[in-house]
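# A closer look at the structure
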Amino acid sequence: MNVLSYPHPALRVKARPVTTLDAAVIQAGREMLELMYKQEGLGLAAQQVGLDYQILVINFQGDPACPEQEVVAINPVILESKGSEKGREGCLSFPGLYQDIRRAKMVRVQYYDLTGKPFEMTCTGLPARIWQHEIDHLNGVLFIDKMGPLARMGSKKAIEDFVTSFRKKQEKGDIPPDVEMKL
Ligand code: NI
């Protein structure tokens, strides 16, 4: 398992709901947590590791020493969101790119854990931002889609560089050349 970089087409796939919590799903959750910590991220969603079902992992502090901050969420949905605020955001699929993104200030989220137990969580600030970013991933939506005109302008070069580097990897054969490019 490794983190796919933009513009890998897997990032644009809409994930399907999980209907069976089998060993493969549980194992994916474990591996995603490990990978997120290795990459020093706060969250990681299915598409970023090439999976097509609704699973994401978060550690609100990004600290493996704080397992109480850890969430493995199956089929998460935002039930309610309120307010609006801008904040700095990055994404493991866009290494080195950070921009201010406008998000809801508060979200109420429902999800299932790996045992199928339902949970509800209400949060504000950074945790609310992480939930919105990761749930967007499950819908094939990326943080560059949420950028305002200034952030978009400031990211233009970086995004072009991601595309160039992806195409080079395809030419070298590191990524199959026949994938459909969705920019
Ligand atoms: Ni991301």
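Residues numbered from 1 in each chain as written. Predicted model: local features only at pLDDT ≥ 70, side-chain atom pairs only at ≥ 80, totals over all residues. Heavy atoms only, no water.

What follows deals with the side chain of Ser-155. Tracing the sequence through the fold places Ser-155 in helix H3 (residues 149-172). A polar side-chain atom of Ser-155 sits 2.6 Å from the main-chain carbonyl oxygen of Ala-151. Look past the residues within four positions of Ser-155 in its chain and what remains in contact with it is Leu-97, Gln-99 and Met-147. (Helix = DSSP H or I, 4+ residues; strand = E, 2+ residues; numbered from the N terminus. Polar contact = N/O pair within 3.5 Å; in protein donor to acceptor, adjacent residues only side chain to side chain. Contact = heavy atoms within 4.5 Å.)

Turning our eyes to something else, we now look at the pairing of strand S5 (residues 99-103). Only one face of S5 is buried, namely the one carrying Gln-99, Ile-101 and Arg-103, since none of Asp-100 and Arg-102 on the opposite face is buried. By the bridge criterion, 5 bridges tie strand S4 (residues 85-89) to S5 in an arrangement that is antiparallel. Counted as the bridge partner of Glu-85 is Arg-103 from S5. (Buried < 20%, exposed > 50% of the residue type's maximum accessible area, 1.4 Å probe, protein only. Pairing = 2+ DSSP bridges.)

Inspection of the secondary structure assignment puts Ile-55 in strand S2 (residues 55-59). Linking Ile-55 and Glu-160, residues 105 residues apart in sequence, is a C-alpha distance of 29 Å.

Coordination of the nickel ion by the protein comes from Cys-91 (SG), His-133 (NE2) and His-137 (NE2), over a distance range of 2.1 to 2.2 Å. When the donors of the nickel ion are listed by position in the chain, the intervening gaps give C-x41-H-x3-H. Separated by 46 residues along the polypeptide, Cys-91 in the loop between S4 and S5 and His-137 in helix H2 (residues 125-138) bring together distant segments of the chain. You can call His-137 buried: its relative accessible area is 0%. (Donors = N, O, S within 2.8 Å, 3.2 Å for Na, K, Ca; no water.)

What follows is about the pairing of strand S7 (residues 118-124). Both faces of the sheet carry side chains from a regular strand, because those side chains alternate between them. For strand S6 (residues 106-112) and S7, the ladder comprises 7 bridges, and the chain directions are antiparallel. In the strand pairing of S7, Arg-108 is matched with Thr-122. Turn length for the S6-S7 hairpin, with the two strands adjacent in sequence and antiparallel, is 5 residues, and the turn residue Gly-116 shows positive phi of about 90 degrees.

For the rest of this paragraph, the subject is the layout of surface pockets. If you add up the space inside the largest pocket, you get close to 370 Å³. Taken together, 21 residues make up the lining of the largest pocket; nearest its centre are Gly-41, Leu-42, Gly-90, Cys-91 and Tyr-98. For the lining of the largest pocket, the secondary structure elements donating two or more residues are S4 and H2. The biggest single contributor to the lining of the largest pocket is H2, with 6 residues. Residues that form the lining of the largest pocket fall into these classes: 8 nonpolar, 8 polar and 5 charged. (1 Å grid on protein atoms, 1.4 Å probe; cavity = no way out; pocket = protein on both sides within 12 Å on 5 of 7 lines; lining within 4 Å. Points joined across faces, edges and corners; volume = space filled by probe spheres on them. Nonpolar A, V, L, I, M, F, W, Y, C, P; charged D, E, K, R; others polar.)

What follows covers helix H1 (residues 23-38). With 16 residues, H1 extends 23 Å from end C-alpha to end C-alpha; this agrees with the ideal 22 Å at 1.5 Å per step. At its buried positions, H1 is contacted by strand S1 (43-45), S2 and strand S3 (70-82). Looking one or two places after H1, you find Glu-40, whose phi comes out positive at around 55 degrees. (Expected span 1.5 Å × (residues − 1).)

Applying the stated criterion across every chain, the model contains 13 salt bridges. Close ionic contact of Arg-16 with Asp-52 constitutes a salt bridge, the shortest N to O distance being 3.5 Å. Residue Arg-16 is found in the segment before H1, and its partner Asp-52 is found in the loop between S1 and S2; the two are separated by 36 residues along the sequence. Taking the relative accessible area as the measure of exposure, Asp-52 reaches 36% and is therefore partly exposed. (Salt bridge = Lys/Arg side-chain N within 4 Å of Asp/Glu carboxyl O.)

Now for the packing of aromatic side chains. Tallying each qualifying case throughout the model produces 6 aromatic pairs. Measuring from ring centre to ring centre gives 6.4 Å for Phe-60 and Trp-131, while their planes differ by 55 degrees; the resulting arrangement is tilted. In this pair, Phe-60 is assigned in the loop between S2 and S3 and Trp-131 in helix H2, connecting sequence segments 71 residues apart. Each of the two residues, Phe-60 as well as Trp-131, counts as buried. With centroids separated by 5.6 Å and ring planes inclined at 90 degrees, the aromatic side chains of Phe-94 and Phe-162 adopt a geometry described as edge-to-face. Residue Phe-94 is found in the loop between S4 and S5, and its partner Phe-162 is found in helix H3; the two are separated by 68 residues along the sequence. The exposure classification of Phe-94 matches that of Phe-162, with both residues buried. (Phe/Tyr/Trp six-rings, centres within 6.5 Å; stacked < 30°, edge-to-face > 60°.)

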